[in-house]
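So you can see what is in the structure, the chains are spelled out below.
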Amino acid sequence: MLELIVISTLNGVLFGMLLFLMASGLTVIFSMLGVLNFAHASFYMLGAFFGFQISRWFGFWPALLIAPLLAGAIGAGVERYGLRRVHKNGHVAELLFTFGLAFAIEEIVQIIWGKSPVDFRVPPLLDFPAFTIFSTNYPAYKMFMLLVSVVIFAALLITLKKTRIGLIVQAALTHPHMVGHLGHNVGRIFMLVFGVGTALAAVAGVIAGPALVTQSNMAGLLGPILFVVVVVGGLGSLPGAFVASLLIGLVQTFAVSMNGSLSGAFGPLSPDYATTWLADIWGVTIAQIAPIMPYVLLVLILIFRPMGLLGTRDT
Amino acid sequence: MSDLIASAAPPYPAAAEKFKFYGLWIAAAIALLVLPKLFGSGGSLTTFSLIGISIIFSLSYNILLGQTGMLSFGHAVYYGLGGFLVIHAINIIGINKLPIPLPVVPLIGGLTGLLFAVLLGWVSTQRSGTAFAMISLGVAELIASSALILRTFFGGEAGISANRTKLLRVFDWSFGPQIQIYYLVAAWTLIAVVAMYALTRTPLGRMCNAVRDNPERVQFVGYDPHVVRYLAFCFSGFFAGIAGALAAINFEIANSAYLGAAQSGTVLFATYIGGVGFFIGPIVGAIFVTFLSLGLSDLTPVWQLYFGLIFIAVVVFAPGGITGLLMMHRPLLKAGTLTKVLPSYLIAFVPTLAMITGLILAIEVTVHYTVNPGDDSHIKAFGVNFDAASPYIWAMAAILMIGGFLVARKTWTWVGHAWDEATSMTREQGIAA
């Protein structure tokens with residue numbers, strides 16, 4: 001039991017940090033541009049596939065650097081030549097633009113790399129068990145993932161709190177118009193923020209690619225969870241996104257490792273009900289309902305705290 | 001005081017306008033009746049049925065997006081649940097020999113959609129705008145994932161099927177042949193379209209528009225925007241359920257794809273491409289998108305990519321959709337200044353077409369090398385044969401794309417000038433443009 005708790009906590013924090021790598025970019029973009037980037041998870045996928053392709057040509061370490069830069073450049077281009085054009089048509093048009101983009105990116109990835117998972121392997125340098133707890137070998141690559149996300153988290157925190165750019169971004173979170181009035185090139189800041197945000201998502205993609213499955217549906221699977229994170233945390237709240245990322249990461253990881261069900265708790269259902277829908281509910285394990293846990297959490301949050309955990313702004 | 005009343009209330013419609021209004025509906029009904037006489041083949045009847053279902057679904061979606069300003073990414077939930085309940089209802093009615101004929105069964109789907117909209121809508125519509133969009137997505141994922149867990153009811157991956165011909169027969173219609181299903185769909189389409197049009201003319205419909213345009217002022221007037229959004233959501237769920245029921249009757253099966261994100265995306269595409277600003281927009285969009293998805297899938301293997309690109313192009317260049325684009329020209333037509341812009345359209349059309357052709361060529365050649373690299377390089381796309389390995393094709397694609405883009409950009413600024421000129425002339429004539 002203790003083993004389960006330790007391992008699940010480690011995995012949960014890891015998944016939560018990965019989610020936060022994406023949710024942070026999404027939140028900052030939303031706060032500044034007012035648009036929720038539906039294609040954010042698609043940049044995560046692009047990061048994974050670019051990482052796969054570049055690591056085939058040059059190895060994993062160059063890929064870790066180049067793939068996010070590439071995805072970030074594409075992201076900046078999308079903002080400069082796409083979103084900025086659509087901006088005058090309102091937020092719905094912007095959201096729909098990113099929705100169409102997510103659709104198109106998935107199709108393009110399918111065309112180039114196919115529908116089946118690609119063979120994106122852990123680099124040999126990190127392919128060993130880091131430590132053994134209670135007879136379970138914990139892979140070094142997962143520790144590396146955790147390290148990368150914590151380092152980026154710290155860098156992001158320092159940039160936001162200590163540098164001039166961070167100051168402007170922070171100001172733009174609450175008073176975007178005032179920042180413009182103060183004479184900053186808002187257009188360029190927007191492009192930069194969008195580029196950095198998508199690059200962060202791509203970093204998450206590159207490091208998650210070898211550990212999880214790199215497939216053309218990975219954006220579609222992760223995207224909705226990402227939006228749950230930002231809504232649960234409170235739209236536009238960076239600390240909220242952090243809390244919600246960890247929460248959902250832990251909830252999902254713990255749920256996956258639990259095997260309990262109603263039949264386990266209260267004994268098997270009487271045979272009279274064996275063919276009814278009640279049998280489904282009775283027999284389903286917590287592990288099986290793990291995928292819907294984030295959405296249940298979303299509905300609960302909406303009922304009891306519609307603004308989100310740490311949200312203040314109503315949109 | 002009497003002046004105020006006279007200006008606030010619209011004038012009572014003249015007999016000619018009334019005739020025009022009702023004539024339009026009667027003409028639509030006659031067109032639906034005559035259509036299978038003109039195109040009677042099985043394939044076209046199926047297409048017409050699909051279009052009818054898509055029209056109801058898109059219009060129900062537009063109650064949210066166009067009328068109330070709520071962008072939903074999970075509208076297929078109500079469509080799919082309507083479909084599932086109807087399949088179960090048909091099975092139950094068939095086994096127990098209940099005296100319920102098939103034509104009223106879609107109502108069960110509608111009520112199912114309504115029930116779930118009532119249940120889920122209150123939470124979903126608490127917030128508007130971006131938050132609503134995300135919430136609708138989350139709720140849709142919740143329902144779609146739960147459908148895979150509750151296997152007995154939703155039938156897992158395979159879905160559940162029913163036999164629609166086993167029900168009580170009225171006028172000896174078995175609803176086996178597609179022509180009878182077509183008439184069933186057509187009748188329900190007409191009823192639903194009339195009902196949804198009527199809804200836009202009610203005070204509730206007007207309040208929905210007000211909530212879309214300025215929720216804060218709606219609150220000042222004494223309405224709760226949340227309640228208005230909720231009511232719109234319930235109506236929308238009801239009609240979506242009817243559409244899902246008709247789809248389930250048409251295919252005699254309901255599976256988890258009915259509830260999925262792809263279905264929600266398709267209805268969003270259809271509605272937006274058609275145009276959300278006008279009542280007729282989603283109808284145009286439903287027809288266009290159904291033909292497009294049937295036609296394109298024959299022409300090229302990557303039709304979904306083109307579909308996405310068309311959607312992006314509409315969002316960027318024509319946010320009013322197809323109908324918005326056409327309706328823009330109505331004041332010009334009235335003022336007779338349309339001839340000012342038409343020549344510039346023709347000029348701009350040529351390089352734009354060249355650019356699109358180049359893009360298609362580039363996509364198809366790329367697709368050949370990535371999807372099936374080992375195959376013969378002589379490929380056929382859009383009915384045209386060409387050699388994907390030939391450098392001439394590559395060069396042609398590049399020249400068409402880049403050259404077309406440069407020239408098109410120039411010609412579209414001309415179109416802009418011609419447009420400005422034409423609209424200012426229209427304004428001088430006193431017609432609002």
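Residues numbered from 1 in each chain as written. Chains lettered and ligands numbered in written order. Predicted model: local features only at pLDDT ≥ 70, side-chain atom pairs only at ≥ 80, totals over all residues.

**Student:** Explanation requested: the overall build of chain B in the structure shown.
**Tutor:** In terms of helices and strands, chain B carries 18 helices and 4 strands. Along the three orthogonal principal directions, the C-alpha set of chain B runs to about 80 × 70 × 45 Å. For chain B, with 433 residues in total, the buried portion stands at 41%. Contacts in chain B between residues far apart in sequence, at least 24 positions, make up 79% of those at least 6 positions apart. (Helix = DSSP H or I, 4+ residues; strand = E, 2+ residues; numbered from the N terminus. Buried ≥ 20, exposed ≤ 12 C-beta atoms within 10 Å, placed from the backbone. Contact = placed C-beta atoms within 7 Å.)

**Student:** Would you explain the overall build of chain A in this entry?
**Tutor:** Across its full length, chain A holds 13 helices and 2 strands. Counting all 315 residues of chain A, 45% fall into the buried class. A fraction of 77% describes how many contacts in chain A between residues 6 or more apart in sequence connect residues 24 or more apart.

**Student:** Would you take a moment to explain the domain arrangement of chain B for this structure?
**Tutor:** Reports of interface size often rely on the accessible area that becomes lost once the parts have come together. Residues and elements named next belong to chain B. Each assigned domain of chain B is listed with its residue range as follows: domain 1 (21-327) and domain 2 (330-428). Here domain 1 and domain 2 have C-alpha centroids that lie 33 Å from each other. Among the residues making up the side of domain 1 that touches domain 2, the classes are represented as 5 nonpolar, 1 polar and no charged. (Domains from an automatic or database assignment. Nonpolar A, V, L, I, M, F, W, Y, C, P; charged D, E, K, R; others polar.)

**Student:** How should I be thinking about the interface of chain B and chain A in this particular structure?
**Tutor:** Taken together, the contacts link 38 residues of chain B with 43 residues of chain A. Contributing elements (two or more residues each) for the side of chain B that touches chain A: helix 6 (129-149), helix 7 (151-154), helix 12 (261-274), helix 14 (303-317) and helix 17 (338-371) of chain B. Considered class by class, the residues forming the side of chain B that touches chain A number 24 nonpolar, 11 polar and 3 charged.

**Student:** Which parts of the structure should I look at to understand the nonpolar core?
**Tutor:** Soluble, globular proteins show a tendency: their nonpolar side chains are buried together. Core analysis: the largest hydrophobic core is formed by 199 residues, its most contacted members being Met-22, Tyr-44, Leu-226 and Val-229 of chain A. When residues in this core are grouped by element, the largest group, 16 residues, is from helix 11 (residues 225-251) of chain B. Those residues in contact with Leu-226 of chain A that lie beyond four places of it in its chain are Leu-19, Met-22, Ala-23, Leu-26, His-40 and Ala-41 of chain A. Counting 7 residues, the second largest nonpolar core, distinct from the first, contains Ala-348, Met-355, Leu-361 and Leu-400 of chain B. (Core = buried A, V, L, I, M, F, W, Y, C linked by C-beta atoms within 7 Å.)

**Student:** Looking at this structure, I do not really get the pairing of strand 2 (residues 136-139) of chain A. What am I missing?
**Tutor:** Every regular strand shows the same layout, with side chains that alternate between the two sheet faces. Residue and element names in this part refer to chain A. Pairing of strand 1 (residues 129-133) with strand 2 involves 4 bridges; the strand directions are antiparallel. Within the sheet, the bridge partner assigned to Thr-132 lies in strand 2 and is Asn-137. Counting the residues in the hairpin turn of strand 1 and strand 2 gives 2 residues, including Phe-134, whose phi is positive at 45°. (Pairing = 2+ DSSP bridges.)

**Student:** Can you walk me through unusual backbone geometry in this structure?
**Tutor:** Keep in mind that most residues, glycine aside, have a negative phi and that most peptide bonds are trans. Residues and elements named next belong to chain B. Even without being a glycine, Glu-252 presents a positive backbone phi close to 60°. Looking at where Glu-252 falls in the secondary structure, it is placed in the loop between helix 11 and strand 2 (253-254). Taking the number of C-beta atoms within 10 Å as the measure of exposure, Glu-252 has 14 and is therefore partly exposed.

**Student:** Mind showing me how you'd approach the packing of helix 3 (residues 60-86) of chain A against helix 8 (residues 186-211) of chain A here?
**Tutor:** All names here are of chain A. The interhelical angle for the contact between helix 3 and helix 8, taken along N-to-C directions, is 145°, at an axis separation of 7 Å. Once helix 3 is placed against helix 8, the crossing between them reads as right-handed. Taking contact as the criterion, the partners of Ala-63, Leu-64, Ala-67, Pro-68, Leu-69, Ala-71, Gly-72, Ala-73, Gly-75, Ala-76, Glu-79 and Arg-80 in helix 3 are, on helix 8, Phe-190, Met-191, Phe-194, Gly-195, Val-196, Gly-197, Thr-198, Ala-199, Ala-202, Val-203 and Val-206. Residues of the contact of helix 3 with helix 8, tallied by class, amount to 16 nonpolar, 5 polar and 2 charged. (Axes fitted to C-alpha atoms, helices over the stretch in contact; angles between N-to-C directions. Left-handed = near helix turned anticlockwise from the far one by under 90°.)

**Student:** Is there a simple way to think about helix 5 (residues 140-162) of chain A in this case?
**Tutor:** Every α-helix carries 3.6 residues per turn, so stepping three or four residues along brings you back to the same face. All names here are of chain A. The first and last C-alpha atoms of helix 5 sit 32 Å apart over 23 residues, in line with the 33 Å expected at 1.5 Å per residue. What helix 5 keeps buried is the set Tyr-141, Met-145 and Ser-149. Buried residues along helix 5 sit in contact with helix 1 (2-33), strand 2 and helix 8. (Expected span 1.5 Å × (residues − 1).)

**Student:** Even after reading the chapter, I still don't get the packing of helix 4 (residues 76-96) of chain B against helix 11 of chain B, so can you show me in this structure?
**Tutor:** Each pair of packed helices can be summarised by the angle the axes make with each other and by the distance between the axes. Residue and element names in this part refer to chain B. The geometry of helix 4 relative to helix 11 is characterised by a closest axis approach of 7 Å and an angle of 50° between their N-to-C directions. Classified by the angle between their axes, helix 4 and helix 11 sit oblique to one another. Of the two elements, helix 4 crosses helix 11, and the hand of that crossing is right-handed. Together, Tyr-78, Tyr-79, Gly-80, Leu-81, Gly-82, Gly-83, Val-86 and Ile-87 of helix 4 and Gly-237, Ala-240, Gly-241, Ile-242, Ala-243, Gly-244, Ala-245, Ala-247, Ala-248 and Ile-249 of helix 11 make up the contact between the two elements. A breakdown of the residues in the contact of helix 4 with helix 11 according to their chemical character gives 12 nonpolar, 6 polar and no charged. (Parallel < 35°, antiparallel > 145°, perpendicular 65-115°, else oblique.)

**Student:** Help me understand the environment of Val-34 of chain B, please; the structure alone is not making it clear to me.
**Tutor:** Mapped onto the fold, Val-34 of chain B is located in helix 2 (residues 15-38). For Val-34 of chain B, a count of 9 C-beta atoms within 10 Å gives the class exposed.

**Student:** How do you make sense of the confidence of the model for chain B when you look at a structure like this?
**Tutor:** Should pLDDT be low for a region, the predicted coordinates there are not to be read in detail. Residue and element names in this part refer to chain B. Confidence in the prediction for chain B averages 83 pLDDT; 94% of positions are at 70 or higher. No element of chain B has a lower mean pLDDT than helix 1 (residues 2-8), at 48, and none a higher one than helix 11, at 91. For the stretch residues 1-6, pLDDT sits under 50, and the model shows 0 contacts to residues farther than four places along the chain or on other chains. Across the assembled chains, the prediction reports ipTM 0.84 with pTM 0.86. (pLDDT = per-residue confidence, 0-100.)

**Student:** Teacher, can you tell me more about helix 13 (residues 293-304) of chain A here?
**Tutor:** An ideal rise of 1.5 Å per residue puts 16 Å on 12 residues; helix 13 of chain A measures up with 17 Å between its terminal C-alpha atoms. Of all the positions in helix 13 of chain A, only Met-293, Pro-294, Tyr-295, Leu-297, Leu-298, Ile-301 and Leu-302 of chain A are classed as buried. Structurally, helix 13 of chain A contributes buried residues whose contacts are with helix 9 (218-233) and helix 10 (238-256) of chain A together with helix 5 (105-124) and helix 6 of chain B.

**Student:** Even after reading the chapter, I still don't get the environment of Ala-39 of chain A, so can you show me in this structure?
**Tutor:** Residue and element names in this part refer to chain A. With respect to the helices and strands, Ala-39 occurs in the loop between helix 1 and helix 2 (40-57). Among the residues examined, Ala-39 registers 26 C-beta atoms within 10 Å and is labelled buried. Measuring from C-alpha to C-alpha, the distance between Ala-39 and Gly-223 comes to 8.1 Å, with 184 residues separating the pair along the chain.

**Student:** Could you clarify how one ought to interpret the environment of Phe-97 of chain A in this entry?
**Tutor:** Within the fold, Phe-97 of chain A resides in helix 4 (residues 91-113). Judged by C-beta crowding, with 26 C-beta atoms within 10 Å, Phe-97 of chain A ranks as buried. Placed 194 residues apart in sequence, Phe-97 of chain A and Pro-291 of chain A show a C-alpha to C-alpha distance of 28 Å. Residues within four places of Phe-97 of chain A in sequence aside, it is in contact with Gly-82, Leu-83 and Val-86 of chain A together with Ile-312, Val-315 and Val-316 of chain B.

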